[in-house]
Amino acid sequence: MRWHLTWPAPMSLPPRETLLEAQDLPGEGELTPRLGRLIEDGVREYLTLATPCAVMEDITPAAFRSVLRGEGRNLGPLPLEQVLARAEGLALYVATIGPAVPAAISRWFADRDPARGYTLDGIASAAADGLSLLVTREWTVRRFGGCAPGWCALPYSPGYCGWDVSGQQALFAALEPAETGVRLNESCLMQPLKSVSGVLVYAPAAAHRTRQDYPCCDTCLTHECEGRVELMVQGMNMDGGGAGSGMCR
Amino acid sequence: MTIVSDIAKNLELGEDDRVRELVGAALLAGVPPRDLLEQGLIAGMAVVGEQFRQREIFLPDVLLAARAMYAGLDLLEPRLAGAGVPSAGTVVIGSVKGDLHDIGKNLVGIMLRGAGFRVVDLGNDVPPARFVDAAAESGASVIGMSALLTTTMPVMRDVVRLVTERGLAGTIRTIVGGAPVSADFARDIGADAYAFDAASAVERIRALVAVR
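Predicted model, so just to flag it, every value in this text is computed and none were measured. (Residues numbered from 1 in each chain as written. Chains lettered and ligands numbered in written order. Predicted model: local features only at pLDDT ≥ 70, side-chain atom pairs only at ≥ 80, totals over all residues. Heavy atoms only, no water.)

## Examining the overall build of chain B
For chain B, the helix and strand inventory stands at nine helices and five strands. In chain B, the order of α-helices and β-strands from amino to carboxyl end is α-α-α-α-β-α-β-α-β-α-β-α-β-α. In terms of overall dimensions, chain B is globule-like: its C-alpha atoms have a radius of gyration of 18 Å, near the 17 Å expected for 212 residues. For the C-alpha atoms alone, the extent of chain B along its principal axes is close to 50 × 35 × 30 Å. For chain B, buried positions account for 56% of its 212 residues. Long-range contacts, defined here as pairs at least 24 residues apart, represent 70% of the contacts in chain B between residues at least 6 apart. Within chain B, one finds 21 positive and 26 negative side-chain charges whose respective centroids are separated by 4 Å. (Helix = DSSP H or I, 4+ residues; strand = E, 2+ residues; numbered from the N terminus. Rg over C-alpha atoms; globule rule 2.2 N^0.38 Å. Buried < 20%, exposed > 50% of the residue type's maximum accessible area, 1.4 Å probe, protein only. Contact = heavy atoms within 4.5 Å. Lys, Arg positive; Asp, Glu negative; His and termini not counted. Charge placed at Lys NZ, Arg CZ, Asp CG, Glu CD.)

Below is the structure:
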């Protein structure tokens, strides 16, 4: 199955505390009025300009193995392969907040107003991250009617955890996401910026909690995957709407 | 409080309209553009930069101050050019070929201008020859390169190699930065310096200019 999704801009806007965190700003109580105004202006502009959309399509394990192999540059074996071994469903996806917000960010910098540009950039980045979760939610509901107890769908993307970023080429070749307007340049960079892509994997929640002794773990600078996966598993198991909320029964 | 220190103070507060107004008034009153630049705008940005380093303010606060700095610079730049005011140095910056991310590079440019450098910003997706040509043409002493993708990092090596091939390694220094870039990578490709963030980029570039 293949789905083309669109959302109203407010659906893609992360909660305010997420926006503040994304810009290393303090919590609401400690925010100065001028920084608060900056965020409000940025949110208003984002809501005016963003046109979030996505395309997602189921893919068989065999076909995905070819996508994952890509150009053979992975730092394998990969943690994702451990998850795939227990997966019940897979789908490729590409999502974007559209071209207008990145264009506005560039304009702010060109117009010598870096504060507005930087703030809108932070909001857009957080929103693009949230799109992966929105897509995951939609796919799980449409494909499985929501996740079964103890099961969970999570997104995995090229460029992370040993899956070389050159894998974008194979992903785009398999999905052909023309409906979204997103394309790749020769560096495997998605245009417009603030777009996300990857594979959705429906598997037991425990399967997503992978070991930490893969070759890619040795070169990882952050080691934040464990906490991030745990947060996403928990997030996916909450009811509600909007970016970052889940779909489970 | 003199009008120059008033400019610095309002810049620190991010009051761009007030800075524009004060710089305009100071020029009309005959205050030398160089004083307005060095004791007003650059001095104000130095205070803001230090507050940021001490974690007393946040990056958007710095950028609001930068907006105020630009408000003053817009009025000053035409007069500075005619007055032969020396800058701290000229730096060519850009995001390397294939990379369209430019927020980090933009922040470096803002910090450099705030520190009195002349900045030639080539934008993003910049091929190696363009970096070197621009540096040679503008008399820059430093090329600053940014990359946010592992796939575009090798372009940095191409730029460093080209500087050497053209016999410019003694006059043009190179500095690299960006999320996937490290000090080890900088050493490996033969770059002269690595900067972790925009603030440290200014310090490193100051050091590179000083040892020329």
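## A short note on the sheet that holds strand β7 (residues 195-204) of chain A
All names here are of chain A. Strand order in the open sheet formed by five strands is β1-β2-β3-β7-β4, with antiparallel pairing between adjacent strands. For this open sheet the edge positions go to β1 (2-6) and β4 (151-156), each flanked by a neighbour on one side alone. The mean inter-strand angle of the sheet, taken between neighbouring strand axes irrespective of direction, is 20°. Bridge count for strand β3 (residues 89-96) against β7 is eight bridges, and the pairing is antiparallel. For L90, the partnering residue across the bridge sits in β7 and is V201. Contacts from helix α8 (residues 167-175) reach β1, β2 (53-58), β3 and β7 within the one sheet, and its direction differs from that of β3 by about 100°. (Pairing = 2+ DSSP bridges. Axes fitted to C-alpha atoms, helices over the stretch in contact; angles between N-to-C directions.)

## Observations regarding the layout of surface pockets
If a probe the size of a water molecule is rolled over the atoms, the empty space left behind becomes visible. All names here are of chain B. Taken as a whole, the second largest pocket encloses approximately 340 Å³ of empty space. As for the second largest pocket, its lining consists of 14 residues, and the residues nearest its centre are E77, L80, S87, F117 and R118. For the lining of the second largest pocket, the secondary-structure elements that each account for two or more residues are α4 (59-83) and β2 (118-121). In terms of residue class, the lining of the second largest pocket is built from eight nonpolar, two polar and four charged. (1 Å grid on protein atoms, 1.4 Å probe; cavity = no way out; pocket = protein on both sides within 12 Å on 5 of 7 lines; lining within 4 Å. Points joined across faces, edges and corners; volume = space filled by probe spheres on them. Nonpolar A, V, L, I, M, F, W, Y, C, P; charged D, E, K, R; others polar.)

## With respect to helix α5 (residues 103-114) of chain B
Within an α-helix, residues lying three or four positions from one another point in the same direction, as the helix has 3.6 residues per turn. Residue and element names in this part refer to chain B. Taking 1.5 Å of rise per residue, 12 residues should cover 16 Å, and α5 covers 17 Å from first to last C-alpha, within 8% of that figure. Of all 12 residues in α5, 11 are buried, a share of seventy percent or more. By the burial criterion, the buried members of α5 are I103, K105, N106, L107, V108, G109, I110, M111, L112, R113 and G114. Immediately beyond the C-terminal end of α5, within one or two residues, lies G116, with a positive phi of roughly 95°. (Expected span 1.5 Å × (residues − 1).)

## A short note on the domain arrangement of chain B
Residues and elements named next belong to chain B. Along its sequence, chain B is organised into domain 1 (3-83) and domain 2 (90-210). Using C-alpha coordinates to define each centre, domain 1 is positioned 26 Å away from domain 2. Counting residues at the interface gives nine residues for domain 1, matched by nine residues for domain 2. Summed over both partners, the interface of domain 1 with domain 2 comes to about 810 Å²; 78% of that surface belongs to carbon and sulfur atoms. When the buried surface of domain 1 facing domain 2 is broken down by residue, I42, R53 and Y70 rank first, second and third, together holding 42% of it. Remark: the boundary between domain 1 and domain 2 carries one salt bridge. Close ionic contact of R53 with E203 constitutes a salt bridge, the shortest N to O distance being 3.7 Å. (Domains from an automatic or database assignment. Buried area = accessible area lost by both parts, 1.4 Å probe. Salt bridge = Lys/Arg side-chain N within 4 Å of Asp/Glu carboxyl O.)

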